[in-house]
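Survey of secondary and tertiary structure
Okay, here's what each chain looks like letter by letter:
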Amino acid sequence: MRSLRKATRLTLSYVLLSLTTLFCIYPALWVLLSSFRPGDMLFSETLLPTSFTFLHYRQLFENYPFADWYVNTFKIAIISTVISTVLVMMTGYVFSMFRFTGRKNLMSMLLVLGLFPGFMSMIAVYILLNQMNLLNTHMAVIIVSAAGAPLFFLFSKSYFDTIPRSLVEAARIDGAGHLVTFFRMILPLSKPLLVYVVLMNFTGPFTDFIFARLVLRTPEKKTLAVGLYDIVTDKTKLQFTMFAAGCVLISVPITVLFLVLQRYLVAGLTSGAEKG
């Protein structure tokens, strides 16, 4: 009887996981196949196209500065990832390893600020960037992305809480400063967390639309998200299949990174679950 209940639960678990996988994969598969479907519309009576074409991928580069959008997005993603990762890791390290007046109040304030949607401050940020003559520049997007990163320090703090303080104290006794201890001892021990933070920060510029749309104006300055939005909202011609082709090209570097670093990503997600 017990084995029957166990087998039933296992079967239901597999069925539920299979349905969840189907619901997750089907939209992505539809977009992928639509990018090879002739015509301009995503609607089709069949999942598989009756014929395949690479015309939409070619038109992306011929009719639009898609290569420039790709380079712009990569530049913003790489620079903001480096700055954001350092800020997040150092913020988590400080809150985990140091005890100072107002520490808990400051942590609570950062956590509360992180709960508010970013678009609530868009008007104030826009005015500041306008006064600093940074509108329609990639530096504006990089600064705002990096400045907001430390609000999500909790993952790094939880991970650093699992590192024995005796290691830090031993490094201090040997004469290592705070920065030397952080970069030469703590970061090598935090590879899973580091990979997780890098991946999360790197994917942000690929999906960020609201702020990039607000700041970037000229076509050569746009990112992929803003450029693809202009393609699909072009009033002169609907080009949903070309939009699908652009979505596929956007997903390639992110998918490759996730596949290569998947084992570190899983470790980084679960590493801070228990505190030592």
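A brief look at the structure comes next. Quantities reported herein were computed from a predicted structural model and do not represent experimental measurements.

Basis of the calculations
- Residues numbered from 1 in each chain as written.
- Predicted model: local features only at pLDDT ≥ 70, side-chain atom pairs only at ≥ 80, totals over all residues.
- Heavy atoms only, no water.
- Core = buried A, V, L, I, M, F, W, Y, C linked by side-chain atoms within 4.5 Å.
- Buried < 20%, exposed > 50% of the residue type's maximum accessible area, 1.4 Å probe, protein only.
- Helix = DSSP H or I, 4+ residues; strand = E, 2+ residues; numbered from the N terminus.
- Contact = heavy atoms within 4.5 Å.
- 1 Å grid on protein atoms, 1.4 Å probe; cavity = no way out; pocket = protein on both sides within 12 Å on 5 of 7 lines; lining within 4 Å.
- Points joined across faces, edges and corners; volume = space filled by probe spheres on them.
- Nonpolar A, V, L, I, M, F, W, Y, C, P; charged D, E, K, R; others polar.
- Salt bridge = Lys/Arg side-chain N within 4 Å of Asp/Glu carboxyl O.
- Phe/Tyr/Trp six-rings, centres within 6.5 Å; stacked < 30°, edge-to-face > 60°.
- Lys NZ or Arg CZ within 6 Å of the ring centre and 35° of its normal.

What follows is about the nonpolar core. Note that soluble globular proteins tend to have their nonpolar side chains buried in a common cluster. Leu60, Phe66, Phe206, Leu224 and Ile231 are the most contacted members of the largest nonpolar core, which has 19 residues in total. For this core, the secondary-structure elements that each account for two or more residues are helix 2 (55-63), helix 3 (66-97), helix 10 (191-207), helix 12 (224-232) and helix 13 (240-260). Looking at which element gives the most residues to this core, the answer is helix 13, with six residues. In this structure leucine 60 touches Phe66, Ile231, Met242, Ala245, Gly246 and Leu249, once residues within four positions along its chain are discounted.

Below, the discussion takes up the layout of surface pockets. Space inside the largest pocket adds up to approximately 1200 Å³. What lines the largest pocket is a set of 34 residues, and nearest its centre among them are Val144, Ser145, Gly148, Ala149 and Phe152. Looking at the lining of the largest pocket, the elements with two or more residues in it are helix 3, helix 4 (103-115), helix 5 (122-131), helix 6 (138-148), helix 7 (154-160) and helix 10. Across the lining of the largest pocket, the residue classes tally to 23 nonpolar, ten polar and one charged. Of the pockets and cavities examined, the second largest pocket occupies roughly 200 Å³. What lines the second largest pocket is simply Ala28, Leu29, Val31, Leu32, Cys247, Val248, Ser251, Val252 and Thr255. Breaking the lining of the second largest pocket down by element, the ones donating at least two residues are helix 1 (2-34) and helix 13.

So, on to the pattern of salt bridges. This model, assessed by the stated rule, comprises four salt bridges. In this structure, glutamate 62 and arginine 58 form a salt bridge, with 3.8 Å as the shortest nitrogen-oxygen distance. Here arginine 58 and glutamate 62 lie together in helix 2, a separation of four residues that amounts to about one turn. Relative accessible area serves as the criterion here: at 53%, glutamate 62 is assigned to the exposed category. Two residues, lysine 222 and aspartate 230, come together in a salt bridge whose shortest N-O distance is 2.3 Å. Exposure remark for lysine 222: the relative accessible area of 11% places this residue in the buried category. Connected through shared salt-bridge partners, Arg213, Lys222 and Asp230 make up one network.

Before going further, it helps to spend a moment on the packing of aromatic side chains. Applying the stated criterion across every chain, the model contains 22 aromatic pairs. One aromatic cluster is present, built from ring pairs that chain together Phe61, Tyr64, Phe66, Trp69, Tyr70, Phe74, Phe202 and Phe206. The lysine or arginine in question, arginine 37, covers the ring of tryptophan 30, its NZ or CZ lying 5.4 Å from the ring centre.

On to the side chain of aspartate 230, then. Residue placement: aspartate 230 occurs in helix 12. Leave out the neighbours within four places in its chain, and aspartate 230 touches Arg213 and Lys222.

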